[in-house]
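Observations on the three-dimensional arrangement
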Amino acid sequence: MRLYAQIPARRSRQVLADLVAVALIAAAVWFALAVHDAIMRLAEPGRRMQSAGDNLATGLDNAGDAASEVPLIGGLLKKPLQSAAEAGTGLSDAGQSLQHTVENLATLTTLALIVLPVTFVLVLWLPPRMLWIWRGVTTRRLLGAPGGADLLALRALTGPPGDLKAIPVPPAGLADAWRRGDRQVIAALSEVALRRAGLRP
């Protein structure tokens, strides 16, 4: 299986197209990751809220435990401190929720920025490349098959007439020479068909 044409000009175009496709995919991934990092910076306030809430809840819990040891009024002192500690826990939960929201947004945005451009590039680039590879394989098999050169010559005759200018035309014409089985004309025509496919005889 041949991945690239044997004709230099066509091979250069194929290599250039492959490099452009790979570069576009790499650029899309790089840009998506950069956007991901930028969005994740928005989670910093959430991290601070969570840290502040955790510290506040822990400090108030400890203060409540200490206050509960005060004789007679320890229980009364502990309740408001516990309520305040719960508020600190709520602040921590809000910070954690903000972080999760930002993380989800960053993930979805990154996936969209990767999947959409990469799919677009692959749809434009991959089918023609795979089609050329498949045609190259079938053309080579056809050339090696019995009567394959005749079929390639017929393919050349039915293609663009400009490619036939380099072939000396017999008195009755190329089509008549092909019908008569002129091996020299058939060989020349099959070479034209191979060149059109980007292959050498």
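As the structure is a computational prediction, the values presented were derived from the model and not from experiment. (Residues numbered from 1 in each chain as written. Predicted model: local features only at pLDDT ≥ 70, side-chain atom pairs only at ≥ 80, totals over all residues. Heavy atoms only, no water.)

A word on the pattern of salt bridges
Between side chains of opposite charge, pairing is possible as soon as their charged atoms come close. A complete count under the given rule lists four salt bridges for this structure. Across the pair Arg-129 and Asp-18 runs a salt bridge whose closest N-O atoms are separated by 3.0 Å. A residue pair is termed long-range when its members are at least 10 positions apart, and Arg-129 in helix H3 (residues 74-144) and Asp-18 in helix H1 (residues 8-40) qualify at 111 residues. Taking the relative accessible area as the measure of exposure, Asp-18 reaches 8% and is therefore buried. Here Arg-48 makes a salt bridge to Glu-44, at a shortest N to O gap of 3.5 Å. A residue pair is termed a helical-turn pair when its members lie 3 or 4 positions apart in one helix, as Arg-48 and Glu-44 do in helix H2 (residues 44-67) at four residues. When its relative accessible area of 58% is taken as the criterion, Arg-48 is described as exposed. By relative accessible area, Glu-44 is classed as partly exposed at 30%. (Salt bridge = Lys/Arg side-chain N within 4 Å of Asp/Glu carboxyl O. Helix = DSSP H or I, 4+ residues; strand = E, 2+ residues; numbered from the N terminus. Buried < 20%, exposed > 50% of the residue type's maximum accessible area, 1.4 Å probe, protein only.)

Remarks on the environment of Asn-55
Relative to the assigned elements, Asn-55 resides in helix H2. As for Asn-55 and Thr-89, which are separated by 34 residues in sequence, their C-alpha atoms are 9.1 Å apart.

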